[in-house]
Protein chains: 2
Amino acid sequence: MTDGHELAIALRAAYLALHRRSEAAFAALGVTADQFVLLATLDRGDALTQRELSRRMSSDPSTVRAMLVLLEQRGLVGRAPHPTDARARTVALTADGKRAFQRLWAAGEPIRAQMLGALRPDEASALVSLLARVARGLSAESASAPATSHSPEDDV
Amino acid sequence: MTDGHELAIALRAAYLALHRRSEAAFAALGVTADQFVLLATLDRGDALTQRELSRRMSSDPSTVRAMLVLLEQRGLVGRAPHPTDARARTVALTADGKRAFQRLWAAGEPIRAQMLGALRPDEASALVSLLARVARGLSAESASAPATSHSPEDDV
DNA sequence: TATTGTTATACTCTATAACTATA
DNA sequence: TATAGTTATAGAGTATAACAATA
């Protein structure tokens, strides 16, 4: 019989294993695992507001800002005024950032291959789906979930 | 088709959701999510060496030490000389620590219930198994894994 | 020689609260 | 009134390297 604690510990162990391997793989390029996630999110959704970026990364906006400051100093990302909302700023990869991300993506390839190699294709797909349900179950409910807030357009 | 990046992001999102809910649930009791994991590990395997504790938590020994110092200051854990290995120290919950853990365990119950509530029993069990395979795939291999080191007996 | 644990150190992520500017 | 972002601040976890004591 599987209890919740066992599931929590298994989830933690798998994530930490992934995180450590990622830190090691990206360290030579001077980027942390979380910074890689940020860059990858930008690569897929250019250009996002900081708020939308933080939502997609499931990180706090002020955490994301701290990360952006570091990445901006290194010239990997740039921020520009939002075209229609003067409060907001859009974030995007710079040319340097795009080149760096290509190298990072390649450096992460063995990790992705290793994860997939431990699973059959149908298992990988099932795992993603189960994880999504767990995540959804954990964030919503429990307090008759408040409606998601309105925000300026994500992509510009 | 499920790619490795998608899996990595889903794993991260699920873990972070769990971590945040845990931080919130345990904050009123003055304990972090990671400290809860440490206490739970001790509750199940009294008394461990620091090294074995760090292994079971998949954390770095020096990280675990930093956590132990904090928990020892608050009287939740105690360290004693190892009975047969003078280099090692065993860690265990104090009486206060055991009482605190009981409250923490109760505070975490809604989280465990919510995770399990999102899954059928067979799915929960399958998820644990898939996560374990991913974790194993990520830590071993890749460099013809070195043998695990020998260590003094885990339990005293 | 290898291992347990300690110490010193540094950095990233994390998050809260108070604040400004804009919607 | 609510939202986007900034600032200040604090703390936790993370990890490396050098070291002592012991196996």
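The name given to chain A in an unreviewed UniProt entry is MarR family transcriptional regulator, with Gemmata obscuriglobus as the source organism.

(A) Seen up close, the protein's contact with DNA strand C. Near DNA strand C there are 24 residues, and of these T32 of chain A together with R20, R51, R65 and R89 of chain B occur at the shortest range. Expressed as a percentage, the sugar and phosphate content of the atoms of DNA strand C within 4 Å of the protein is 75%. Contact between DNA strand C and S62 of chain A: a base nitrogen at 2.8 Å from a side-chain N or O atom of the residue. With respect to DNA strand C, the side chain of R87 of chain B contributes an N or O atom lying 2.9 Å from a base oxygen. Sorting the residues of the surface near DNA strand C by element identifies α2 (33–44) and α4 (61–73) of chain A together with α3 (50–56) of chain B as the ones contributing at least two each. Per element, the largest residue contribution to the surface near DNA strand C is five residues, and it comes from α4 of chain A.

(B) Region of the structure containing the interface of chain B and chain A. Taken together, the 52 residues of chain B in the interface contact 52 residues of chain A. Around 5,100 Å² of area is buried between chain B and chain A when both sides are counted, 70% of it from carbon and sulfur atoms. The largest per-residue losses of area from chain B upon contact with chain A belong to H5, R12 and L138 of chain B, which jointly make up 15% of the total buried on that side. For the salt bridge of R12 of chain B with D34 of chain A, the shortest nitrogen-to-oxygen distance reads 3.0 Å. Taken together, chain B and chain A are joined by 14 residue pairs in polar contact (both at pLDDT 80 or more). Element by element, the count of residues in the side of chain B that touches chain A is highest for helix α1 (residues 4–27) of chain B, at 17 residues. A breakdown of the residues in the side of chain B that touches chain A according to their chemical character gives 30 nonpolar, nine polar and 13 charged.

(C) Expanded view of the side chain of R79 of chain A. All names here are of chain A. Summarising the element assignment, R79 is placed in strand β2 (residues 77–81). Among the residues examined, R79 registers a relative accessible area of 18% and is labelled buried. Of the polar contacts made by the side chain of R79, one reaches the side chain of Q50; its length is 2.8 Å. Side-chain polar atoms of R79 contact the side chain of E72, separated by 2.7 Å. Among residues more than four places away in sequence, those in contact with R79 are Q50, R65, L68, V69, E72, R89, T90 and V91.

(D) Summary view of the pattern of salt bridges. Scanning all chains against the criterion turns up 20 salt bridges over all chains. Two residues, D85 of chain A and R87 of chain A, come together in a salt bridge whose shortest N-O distance is 2.9 Å. A residue is classified by how much of its surface remains accessible, and D85 of chain A, at 12% relative accessible area, is buried. Within the structure, one salt-bridge network assembled from shared partners comprises R120, D122 and E123 of chain A together with R133 of chain B.

(E) Focus on the protein's contact with DNA strand D. In the region of DNA strand D, 25 residues are neighbours, and R20, R51, R65 and R89 of chain A together with T32 of chain B sit closest. Within the side chain of R20 of chain A, a nitrogen or oxygen atom sits 2.5 Å from a phosphate oxygen of DNA strand D. Within the backbone of A86 of chain B, an N or O atom sits 3.1 Å from a phosphate oxygen of DNA strand D. Listing elements by their share of the surface near DNA strand D, those giving two or more residues are α3 (50–56) of chain A together with α2 (33–44) and α4 (61–73) of chain B. Looking at which element gives the most residues to the surface near DNA strand D, the answer is α4 of chain B, with five residues. Its residues assigned to classes, the surface near DNA strand D comprises six nonpolar, nine polar and ten charged.

(F) Molecular detail of α2 of chain A. All names here are of chain A. Across its twelve residues, α2 extends 17 Å between first and last C-alpha, which sits within 8% of the 16 Å expected from 1.5 Å per residue. Most of α2 sits out of view: nine of its twelve residues are buried. By the burial criterion, the buried members of α2 are A33, Q35, F36, V37, L38, L39, A40, T41 and L42.

(G) View of the nonpolar core. Core analysis: the biggest nonpolar cluster contains 42 residues, and L127 and L131 of chain A together with L127 and L131 of chain B have the highest contact counts within it. Counting only elements with at least two residues in this core, the list comes to α1 (4–27), α5 (95–117) and α6 (121–139) of chain A together with α1, α5 (95–117) and α6 (121–139) of chain B. Sequence-distant contacts of L131 of chain A, that is, excluding residues within four places in its chain, are made with L11 of chain A together with L7, A10, L11, A14, L127 and L131 of chain B.

(H) Representation of the relation of the copies chain B and chain A within the structure. For the pair chain B and chain A, the relating rotation is 180 degrees, the translation along its axis is 0.0 Å, and the fit reaches an RMSD of 0.0 Å. Here the two chains are linked by the operation of a two-fold rotation axis. Interface residue correspondence from chain B to chain A reaches 100%, placing this contact among same-surface, isologous pairings.

(I) Representation of the sheet that holds strand β1 (residues 48–49) of chain A in the model. All names here are of chain A. Overall, antiparallel pairing links the three strands, which are arranged β1-β3-β2 in an open sheet. The outermost strands of the open sheet, each flanked by one partner alone, are β1 and β2. The pairing of β1 with strand β3 (residues 89–93) spans two bridges and is antiparallel. Residue pairing for β3: L48 is matched across the bridge by V91. Running at roughly 115 degrees to β2, α4 makes contact with β2 and β3 of the sheet.

Cut-offs used in this document
- Residues numbered from 1 in each chain as written.
- Chains lettered and ligands numbered in written order.
- Predicted model: local features only at pLDDT ≥ 70, side-chain atom pairs only at ≥ 80, totals over all residues.
- Heavy atoms only, no water.
- Near = heavy atom within 4 Å.
- Polar contact = N/O pair within 3.5 Å; in protein donor to acceptor, adjacent residues only side chain to side chain.
- Helix = DSSP H or I, 4+ residues; strand = E, 2+ residues; numbered from the N terminus.
- Contact = heavy atoms within 4.5 Å.
- Buried area = accessible area lost by both parts, 1.4 Å probe.
- Salt bridge = Lys/Arg side-chain N within 4 Å of Asp/Glu carboxyl O.
- Nonpolar A, V, L, I, M, F, W, Y, C, P; charged D, E, K, R; others polar.
- Buried < 20%, exposed > 50% of the residue type's maximum accessible area, 1.4 Å probe, protein only.
- Expected span 1.5 Å × (residues − 1).
- Core = buried A, V, L, I, M, F, W, Y, C linked by side-chain atoms within 4.5 Å.
- Least-squares fit on C-alpha atoms with pLDDT ≥ 70 in both.
- Pairing = 2+ DSSP bridges.
- Axes fitted to C-alpha atoms, helices over the stretch in contact; angles between N-to-C directions.

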